[in-house]
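Secondary and tertiary structure notes
Listed here are the chains, written in short residue letters.
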Amino acid sequence: MIKINLLPYRDARRQKVMQGILIFWFLMAAAGAGAAYGVDYTINQEIDAKKQIRKKNDHQIDKLNEKLGEIKDIKAKKEAVQALLDTIERLQQARFLQVHVLDELSRAIPPKVWLMRLTTREQLLELTGKAQSNAMVADFMNNLNASPYFSQVKLSKILSDTEGEHKVKRFILKAEITPPAAAKDADAKDEEK
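These remarks concern the structure in this document. (Residues numbered from 1 in each chain as written. Predicted model: local features only at pLDDT ≥ 70, side-chain atom pairs only at ≥ 80, totals over all residues. Heavy atoms only, no water.)

What follows covers the nonpolar core. Counting residues in each nonpolar core, the largest one holds 19 residues, and the members touching the most others are Leu105, Leu127, Phe140, Leu144, Phe150, Phe171 and Leu173. Beyond its immediate chain neighbours, meaning those up to four positions away, leucine 105 contacts Leu118, Leu125, Leu127, Phe140, Leu144 and Phe150. (Core = buried A, V, L, I, M, F, W, Y, C linked by side-chain atoms within 4.5 Å. Buried < 20%, exposed > 50% of the residue type's maximum accessible area, 1.4 Å probe, protein only. Contact = heavy atoms within 4.5 Å.)

And the structure:
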């Protein structure tokens, strides 16, 4: 016998296709949402990792800034101590300076030259004296220039005079007192320029 299907098979087939399309779109939406969540989760993990790294770096920077402050304090203390040492060294050099100056003067005075007065103001020396001739005064100036304790020796005044039967030359010399160490420092600075 022949059976005839009177049910609308096309409607059932359409419903099946529609269900397949709906399931496909639902799965696509779920996959898209999962992918978006995965990307968001990954980005948030990277942000958190960067924040941790930044926090560690900030902590290290704070430690280094603290050490830098300590180094600056040490440098300041070192400079203060060096200034004190320099002052002590200058005082040590100046301690016997006057003795050395007088000793150098006694060595520089040629025969027939007499000193009448010696005055010092800070590092300036003024000598007043008598000599038998201009040549003796010139020798005295050359001897002073050759000494490491004197520099810029200049003749301020020279006059002819007589004492009894003898002719003498009265003179005034000016010179700067320069200890040998200070002279070496000045020469080193001149060479650097």
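Right, let's talk about a nonpolar patch on the surface for a bit. Judged by side-chain polarity, Val17, Met18, Ile21, Phe24, Trp25 and Met28 come together as a nonpolar surface patch covering roughly 650 Å² of accessible area. Locating tryptophan 25 in the fold gives a position in helix H1 (residues 9–95). (Patch = residues over 30% accessible without salt bridge, like charges linked within 9 Å, V, L, I, M, F, W, Y side chains within 5 Å. Areas by Shrake-Rupley, 256 points an atom, 1.4 Å probe, with all protein chains shown as cover. Salt bridge = Lys/Arg side-chain N within 4 Å of Asp/Glu carboxyl O. Helix = DSSP H or I, 4+ residues; strand = E, 2+ residues; numbered from the N terminus.)

This brings us to the side chain of glutamate 126. Within the fold, glutamate 126 resides in strand E2 (residues 124–131). The buried category is assigned to glutamate 126, whose relative accessible area is 18%. What glutamate 126 contacts, discounting residues up to four positions off in sequence, is Arg117, Leu118, Thr119, Ile172, Leu173 and Lys174.

This paragraph deals with the pairing of E2. Counting buried residues in E2 gives seven out of eight residues, a clear majority hidden from the surface. Here strand E1 (residues 113–121) runs beside E2; their pairing, made up of eight bridges, is antiparallel. Within the sheet, the bridge partner assigned to leucine 115 lies in E2 and is glycine 129. Here E1 folds back onto E2 in antiparallel fashion, the turn holding two residues, of which glutamate 122 has a positive phi close to 55°. Relative to strand E4 (residues 166–177), E2 runs antiparallel, the two being bridged by eight bridges. Note that in E4 the partner of alanine 131 across the bridge is lysine 169. (Pairing = 2+ DSSP bridges.)

None of this, on its own, says anything about what the molecule does.
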